[in-house]
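# Summary of structural features
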Amino acid sequence: MALTISYFAWVREQMGVAEEVVELPVELADLTALLAWLAARDGRGALAFAEPQRIRAAIDGVMMGPRAPLVGAREIALFPPVTGG
Amino acid sequence: MALTISYFAWVREQMGVAEEVVELPVELADLTALLAWLAARDGRGALAFAEPQRIRAAIDGVMMGPRAPLVGAREIALFPPVTGG
Amino acid sequence: MIRVAVQAAAIDVGAELDLHDAGGHGASASFVGRVRGDGGLVELFLEHHPVMTEAGLGDLAHAAADRWQLGALTLIHRVEAMAPGDTIVLVLASSPHRSEALAACEFLIDRLKTDVMLWKRETFGDGRVTWVEAREGDAVRAERWAR
Amino acid sequence: MIRVAVQAAAIDVGAELDLHDAGGHGASASFVGRVRGDGGLVELFLEHHPVMTEAGLGDLAHAAADRWQLGALTLIHRVEAMAPGDTIVLVLASSPHRSEALAACEFLIDRLKTDVMLWKRETFGDGRVTWVEAREGDAVRAERWAR
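Just so we're clear, the structure is a prediction, and the values are computed from it rather than from any experiment.

Scoring rules and cut-offs
Positions within a chain are numbered from 1, following the residues in the order the chain's sequence is written. All chains are assigned letters beginning with A, and all ligands numbers beginning with 1, in the order in which they are written. The model is predicted, so local features are restricted to residues of pLDDT at least 70 and side-chain atom pairs to those at 80 or more, both for listing and for counting; the totals for chains, interfaces and linings are taken over all residues. Heavy atoms from the whole structure form the basis of all side-chain values; hydrogens and water molecules are not counted. Pairing of aromatic side chains here covers Phe, Tyr and the six-membered ring of Trp, requires ring centres within 6.5 Å, and sorts the geometry by plane angle: under 30 degrees stacked, over 60 edge-to-face, intermediate tilted. The way it works is that DSSP assigns letters per residue, a run of H or I at least four long becomes a helix, a run of E at least two long becomes a strand, and they are numbered from the N terminus. Burial status follows relative accessibility: with a 1.4 Å probe on protein chains alone, a residue under 20% of its type maximum counts as buried, one over 50% as exposed, and anything between as partly exposed. In our convention, an over-ring charge means Lys NZ or Arg CZ found within 6 Å of a ring centre and within 35 degrees of that ring's normal. Here, a strand pair is defined by DSSP locating no fewer than two bridges between the strands. Here the axes come from fitting lines to C-alpha atoms, over the contacting stretch only for helices, and the angles between their N-to-C directions go from 0 to 180 degrees. Angle categories: roughly parallel below 35 degrees, roughly antiparallel above 145, roughly perpendicular from 65 to 115, and oblique for all the rest. Throughout, a crossing is termed right-handed when the near helix is turned clockwise from the far one, and left-handed when it is turned anticlockwise from it by less than a right angle. Here, residues are in contact when the closest pair of their heavy atoms is within 4.5 Å. Side-chain classes are defined by residue name, with Ala, Val, Leu, Ile, Met, Phe, Trp, Tyr, Cys and Pro counting as nonpolar, Asp, Glu, Lys and Arg as charged, and the others, Gly among them, as polar. When two components associate, each loses some accessible surface as probed by a 1.4 Å sphere; the sum of these losses over both components is called the buried area. Here, a salt bridge means any side-chain nitrogen of Lys or Arg that lies within 4 Å of a carboxyl oxygen of Asp or Glu. Under this definition, polar contacts are N or O atom pairs within 3.5 Å; protein pairs additionally need one hydrogen-donor-capable and one acceptor-capable atom, and for neighbouring residues in sequence, both atoms have to be side-chain atoms.

### Thoughts on the packing of aromatic side chains
Two aromatic rings are characterised by how far apart their centres lie and by the angle between their planes. Going through the model one piece at a time under the given rule, you end up with ten aromatic pairs over all chains. With a centroid separation of 6.2 Å and an interplanar angle of 70 degrees, the aromatic rings of F8 of chain B and F79 of chain B are classed as edge-to-face. Separated by 71 residues along the polypeptide, F8 of chain B in the loop between β1 (2–7) and α1 (9–15) and F79 of chain B in strand β5 (residues 75–79) bring together distant segments of the chain. A residue is classified by how much of its surface remains accessible, and F79 of chain B, at 1% relative accessible area, is buried. Judged by centre distance (5.1 Å) and plane angle (65 degrees), the ring pair of W68 of chain C and F107 of chain C falls under edge-to-face. Placement of the pair is W68 of chain C in the loop between α2 (50–67) and β4 (72–78) and F107 of chain C in helix α3 (residues 98–115), with a sequence separation of 39 residues. For the pair W68 of chain C and F107 of chain C, one class covers both residues: buried. An aromatic cluster is built from F8 and F79 of chain A together with W119 of chain D, whose rings are joined through pairwise contacts. R128 of chain C extends its terminal NZ or CZ atom over the ring of F124 of chain C, reaching a point 4.3 Å from the ring centre.

Written out as structure tokens, the structure reads:
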């Protein structure tokens with residue numbers, strides 16, 4: 001399945017892109033599996049997702065926990081905990 | 001003893017003056033006695049001090065309770081509870 | 001910088017903000033209280049005890065400055081005749097820290113209602129003139145700060 | 001009237017006050033947060049998720065409007081590059097009632113720190129560039145409002 005992944009803050013810097021369209025293996029069930037797949041894909045991913053507990057995620061604009069399923073997602077945002085305001 | 005008594009808000013309106021210099025009988029020991037004396041002095045005082053529990057007082061700029069002694073006072077202010085701010 | 005004033009003249013909020021902000025602060029909290037025209041009110045008159053009102057505001061300002069880390073504090077109270085919409089009171093509190101600015105501002109406005117020697121007289125469109133009675137609620141809010 | 005904005009342009013506090021006050025309100029509370037130049041900071045960059053930040057501010061504003069009786073509410077957040085002294089955030093809350101204006105203002109500023117999708121990057125005079133870590137304190141303050 002093809003979807004858009006966007007990165008923010010230091011995750012964006014480590015990935016070297018703000019956004020990419022990826023073709024995901026169908027066996028990736030949830031966000032935890034997605035982070036593991038990105039970490040295994042290349043050196044940048046290994047760096048950005050070495051500590052998945054430091055990553056927060058939103059699917060189609062809604063914050064989701066690590067076991068949230070990917071099925072039906074169009075856009076996934078990955079980022080550190082917010083520090084704003 | 002001679003001292004200045006000042007009145008505020010509806011106490012001032014009922015007394016008809018903002019301030020007066022009075023010669024007090026030496027036997028007036030405290031604020032409670034002063035209010036009773038003012039109430040007995042004339043019709044305006046009777047009206048203004050009919051309910052002494054509605055009156056607050058300051059002696060020389062410091063809020064005082066009903067048993068505060070008058071000795072040494074130079075200015076006594078009599079007024080309703082504040083409603084300001 | 002502590003600025004305290006009791007004045008019959010209109011409060012110029014913009015000018016006070018500029019004066020207060022001259023130093024630049026991390027966090028600024030403010031409160032503006034205005035005369036409400038409820039029930040056909042046409043004039044609010046605030047009678048005050050000049051010496052005690054000034055002293056009360058000064059004491060309050062210093063109590064806040066002792067309690068919180070404030071870069072600047074402005075406390076201005078208008079007195080005498082006002083119309084609906086006029087600003088009665090302005091509180092500005094600035095600090096490097098957001099929570100200190102907010103707490104100081106709330107403390108000052110709560111305590112102002114009870115600690116300051118002011119009496120309100122309301123005049124309505126139909127000619128009624130009444131002195132406002134002290135309200136229980138203000139004393140309760142102010143007491144939260146007593147500790 | 002609810003006004004919410006996320007903008008890279010400087011926040012014009014005076015103009016926002018005029019816009020907010022157009023109706024006239026009994027009580028107005030405000031909070032202004034500015035960039036602090038601590039430790040030799042020369043630039044603060046706020047990265048944001050445009051869709052989620054706008055939605056988050058809008059949700060917060062409506063939560064406050066549901067909870068308190070507000071005549072007007074303004075919530076403006078600046079994003080992207082800022083210098084020390086610049087205004088990052090402006091909250092204005094007005095109500096007929098003093099306690100509602102103060103509570104809404106404090107609620108909004110506390111929740112802003114945790115509910116909005118923003119990340120801070122600090123650049124210092126010596127060339128260091130760091131992403132700010134999330135702080136525990138903000139989450140604790142925001143939780144007070146959870147009930």
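### Section: the sheet that holds strand β3 (residues 56–59) of chain B
Residues and elements named next belong to chain B. Strand order in the open sheet formed by five strands is β2-β1-β5-β3-β4, with mixed pairing between adjacent strands. Edge positions in the open sheet fall to β2 (19–23) and β4 (62–64), since each of these has one partner strand only. The sheet shows a mean angle of 30 degrees between the axes of neighbouring strands, taken without regard to direction. Bridge analysis of β3 against β5 gives four bridges, and the strand direction is antiparallel. What sits directly across from R56, in β5, is F79.

### Observations concerning the packing of α2 of chain C against α3 of chain C
Residues and elements named next belong to chain C. In the contact formed by α2 and α3, the axes pass within 10 Å of each other and the chain directions differ by 150 degrees. Considering their axes alone, α2 and α3 lie roughly antiparallel with respect to each other. Crossing of α2 against α3: the hand is right-handed. Here L57, L60, A61, A63, A64 and R67 of α2 come into contact with α3, specifically with F107, L108, R111, L112 and D115. When its residues are assigned to classes, the contact of α2 with α3 shows eight nonpolar, no polar and three charged.

### Points about the interface of chain C and chain D
Contacts between the two partners involve 24 residues from chain C, matched on the other side by 24 residues from chain D. Where chain C abuts chain D, roughly 2100 Å² becomes buried across the two surfaces, and 49% of that area is made up of carbon and sulfur atoms. When the buried area of chain C at its contact with chain D is split by residue, R34, R98 and L102 of chain C rank highest and sum to 31% of it. Scanning the region where chain C abuts chain D turns up three salt bridges. R98 of chain C is paired through a salt bridge with D110 of chain D; the nearest N and O atoms lie 3.6 Å apart. Remark: the boundary between chain C and chain D carries 13 residue pairs in polar contact (both at pLDDT 80 or more). The element that contributes the greatest number of residues to the side of chain C that touches chain D is strand β2 (residues 27–34) of chain C, accounting for eight residues. Its residues assigned to classes, the side of chain C that touches chain D shows eight nonpolar, seven polar and nine charged. Taken together, the seven bridges between β2 of chain C and strand β2 (residues 27–34) of chain D define a ladder with antiparallel strand orientation. Note that in β2 of chain D the partner of S30 of chain C across the bridge is S30 of chain D.

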